[in-house]
Amino acid sequence: DSALASKKLIFLSNQIYKKNRQPAVLKKLFILIFFSLVANSFSQQNAKPKQKPVGRPALTQMVSATDHDTCLNKKFSIVFYAFQDSAFALNVNAMNTVTIQSIIDTLNARFGRICVSFESCSLKVIPNYEYNTWTEAFDDVVTTNWFTPQTINVYLVEMVVDRPYNEKNGYAHNSQLIYGTRMTNRNAIVINCRLGVFELAKTTLHVFGHFFGLHDTFAEMGSPASPPPLLNYMSNEFADRSNCYVNGDLLCDTEADPFPVSYYEALPPAGSYCQYYPVIKDGRQDWYTPPLDNLMSMYNCRCRFTQEQYNRMARFILNYRMDLH
């Protein structure tokens, strides 16, 4: 390159200078070196730096290492489904455009933090009112016959039955990627649309959290801890979170959660909606202070995702959801 050429020129000039010190020769040599150095400086200032393109592996690595938000610039289309009875009457709640817009607004407000947005693509009608009271047995039947590929399919029902207490108002088909259980892996979510505004928002964010790879805060994804928790505890994570990356939900900025044992103790007494009174200890006899405000918990005032939860969802979207429109 030009820098190397300049160095060679200077070296040769030194050799010439040693052998020939005539003024005329030296003058020409000085002019030659001067213009060579000027040209080299100009080329360095105007040269564009070489940059390697940042592909998905590099972006995934960045998301894994970062302690701040990552902008994915990803928009998802949602196809909503409502159910019709034999008299051609529709689920009024599902057909309510306010309900659908409320779901979209809720998602955009929370996921905008990682530059992920959502839009309603269409509303389709399923001519079978039986499915409006949804059981897990309908999963394969409905999603096989009414399903739009490469979009997120949201089935708005009036009731979800035979579900455990922690998913009683809706759930995501993605759960088998997280827990290794139940359902065919389809881009499908079931939501009870008869909920009030605030409960609908919490349920929507909770099930979309699962759809994008989050565990419940009380989940147990690791091996049994020692000393073990008390009987009926779902999580082996210690209250001080010293084993937070190998037990519980595998995240350290979500508090250890002994749900469901502590659920009833966490129900608010009159006038103290979001207060919790420590009544449960872990295997080390330390008091739990569960994440009452976390959207992946089952407590009454859940309202937020943590930084590590956003990071995990960003990684999950990059690995599993980028093919969706």
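Throughout, residues of each chain are indexed from 1 in the direction in which the sequence is written. At least 70 in pLDDT is required for a residue's local features to be given in this predicted model, at least 80 for side-chain atom pairs to be given and counted, and no such filter applies to totals for whole chains, interfaces and linings, which use all residues. Remark: hydrogens and water are excluded; side-chain values derive from all non-hydrogen atoms of the structure.

1. Focus: the sheet that holds strand β1 (residues 74-83)
Two strands qualify as a pair provided that DSSP identifies no fewer than 2 bridges between them. For helices the rule is a DSSP run of H or I covering at least 4 residues; for strands it is a run of E covering at least 2, with both sets numbered from the N terminus onward. Strand order across the open sheet formed by five strands is β2-β1-β4-β7-β6, with mixed pairing between neighbours. Strands with a single pairing partner mark the edges of an open sheet, and in this sheet they are β2 (116-126) and β6 (170-172). Taken pair by pair, the neighbouring strands of this sheet meet at an average axis angle of 20°, ignoring direction. When β1 meets strand β4 (residues 152-157), the two strands line up parallel, connected through four bridges. Opposite Ile-78, over in β4, you have Ile-152 as the bridge partner. Axis definition: a line fitted to C-alpha atoms, limited for helices to the stretch in contact. Angles are taken between N-to-C directions and run from 0 to 180 degrees.

2. Comments concerning the pattern of salt bridges
Any carboxyl oxygen of Asp or Glu within 4 Å of a side-chain nitrogen of Lys or Arg constitutes a salt bridge here. Tallied over the full model, the rule gives five salt bridges. With a shortest N-O distance of 3.9 Å, Lys-75 and Glu-119 are connected by a salt bridge. You can see Lys-75 sitting in strand β1 and its partner Glu-119 sitting in strand β2, a full 44 residues away along the chain. When its relative accessible area of 46% is taken as the criterion, Lys-75 is described as partly exposed. Whether a residue is buried, partly exposed or exposed follows from its accessible area with a 1.4 Å probe, protein chains only, as a fraction of its type maximum: under 20%, in between, or over 50%, in that order. Take Glu-119: its relative accessible area is 35%, and that puts it in the partly exposed class. Across the pair Asp-240 and Arg-284 runs a salt bridge whose closest N-O atoms are separated by 3.4 Å. Taken together, the positions of Asp-240 in the loop between α8 (197-211) and α9 (263-266) and Arg-284 in the loop between α9 and α10 (307-321) put the pair 44 residues apart, joining distant regions of the chain. According to the relative accessible area criterion, Arg-284 is partly exposed, its value standing at 39%. In the salt-bridge network here, residues are joined through shared partners; they are Glu-199, Lys-202 and Arg-302.

3. Here's the deal with helix α6 (residues 138-145)
Given 3.6 residues to a turn, an α-helix orients residues that are three or four positions apart in the same direction. Of all the residues in α6, the buried ones are Phe-138, Asp-139, Val-142 and Thr-143. Projection of α6 onto a plane perpendicular to its axis shows the buried side chains occupying an angular sector of 105°, all on one side. When the buried face of α6 is taken as reference, the exposed residues oriented beyond 90 degrees from it are Thr-144 and Asn-145. Note on definitions: a residue-residue contact is assigned when non-hydrogen atoms from the two residues lie within 4.5 Å. Here the buried face of α6 lies against β2, β3 (133-134), β4, β6 and β7 (188-192). The reported arc concerns the directions from the helix axis to the C-beta atoms and nothing else.

4. A word on the confidence of the model for the protein
For the protein, the average pLDDT comes to 77, and 65% of its residues sit at 70 or higher. pLDDT measures how confident the predictor is about each residue, on a scale from 0 to 100. pLDDT under 50 marks residues 44-55. Its contacts with residues more than four places away, or in other chains, come to two contacts. In the model, residues 178-183 has pLDDT below 50 throughout and makes 24 contacts with residues more than four positions away in sequence or in other chains.

5. Thoughts on the pairing of β1
Counting buried positions over the ten residues of β1 gives nine, a clear majority of the element. Pairing of β1 with β2, which is carried by ten bridges, proceeds in the parallel orientation. Pairing of Phe-83 across the sheet is with Ile-126, part of β2.

6. So, the state of the cysteines
Cysteine sulfur atoms are paired as a disulfide whenever they come within 2.5 Å of each other. Tallied over the full model, the rule gives two disulfides. Cys-71 shares a disulfide with Cys-115; S-S distance 2.0 Å. What sets the handedness of the Cys-71 and Cys-115 disulfide is the S-S torsion sign, and at about -110° it is left-handed. With Cys-71 in the loop between α3 (56-65) and β1 and Cys-115 in the loop between α5 (97-111) and β2, this pair connects stretches of sequence that are 44 residues apart.

7. A closer look at the packing of α5 against α8
Viewed as axis vectors pointing N to C, α5 and α8 meet at an angle of 55°, and their least axial separation amounts to 10 Å. In terms of orientation, α5 lies oblique with respect to α8. Here α5 and α8 pass one another in a crossing that is right-handed. Where α5 approaches α8, its residues Thr-99, Ser-102, Ile-103, Thr-106, Leu-107, Arg-110 and Phe-111 are matched on the opposing element by Leu-200, Ala-201, Thr-204, Leu-205 and Phe-208. The classification used treats Ala, Val, Leu, Ile, Met, Phe, Trp, Tyr, Cys and Pro as nonpolar, Asp, Glu, Lys and Arg as charged, and all other residues, Gly among them, as polar. Looking at side-chain class alone, the contact of α5 with α8 contains seven nonpolar, four polar and one charged residues. Working definition: roughly parallel below 35 degrees, roughly antiparallel above 145 degrees, roughly perpendicular at 65 to 115 degrees, and oblique for all remaining angles. Here is the rule for handedness: rotate from the far helix to the near one, and if that takes an anticlockwise turn smaller than a right angle the crossing is left-handed, while a clockwise turn gives right-handed.

8. Some words on the nonpolar core
Grouping buried Ala, Val, Leu, Ile, Met, Phe, Trp, Tyr and Cys residues that are joined through side-chain atoms within 4.5 Å yields what is termed a nonpolar core. One finds Phe-111, Phe-118, Ile-152, Phe-208 and Phe-212 to be the most contacted residues of the largest nonpolar core, which totals 36 residues. When residues of this core are traced back to their parent elements, those giving at least two are β1, α5, β2, β4, β7, α8 and α10. In this structure, Phe-208 is in contact with Ile-78, Leu-107, Phe-111, Phe-118, Ile-152, Val-154 and Ile-189, ignoring residues within four places of it in sequence.

9. Details of the environment of Ala-314
Position of Ala-314 relative to the elements: it lies in helix α10. We classify Ala-314 as buried; its relative accessible area is 1%. As a C-alpha pair, Ala-314 and Ile-114 span 200 residues in sequence and 7.2 Å in three-dimensional space.

10. A closer look at α10
The length a helix should cover is 1.5 Å for every residue beyond the first. For α10, with 15 residues, the first-to-last C-alpha span of 20 Å sits near the 21 Å given by 1.5 Å per residue. The buried fraction of α10 is high, at eleven of 15 residues. Residues Glu-308, Gln-309, Tyr-310, Asn-311, Arg-312, Met-313, Ala-314, Phe-316, Ile-317, Leu-318 and Arg-321 constitute the buried set of α10.

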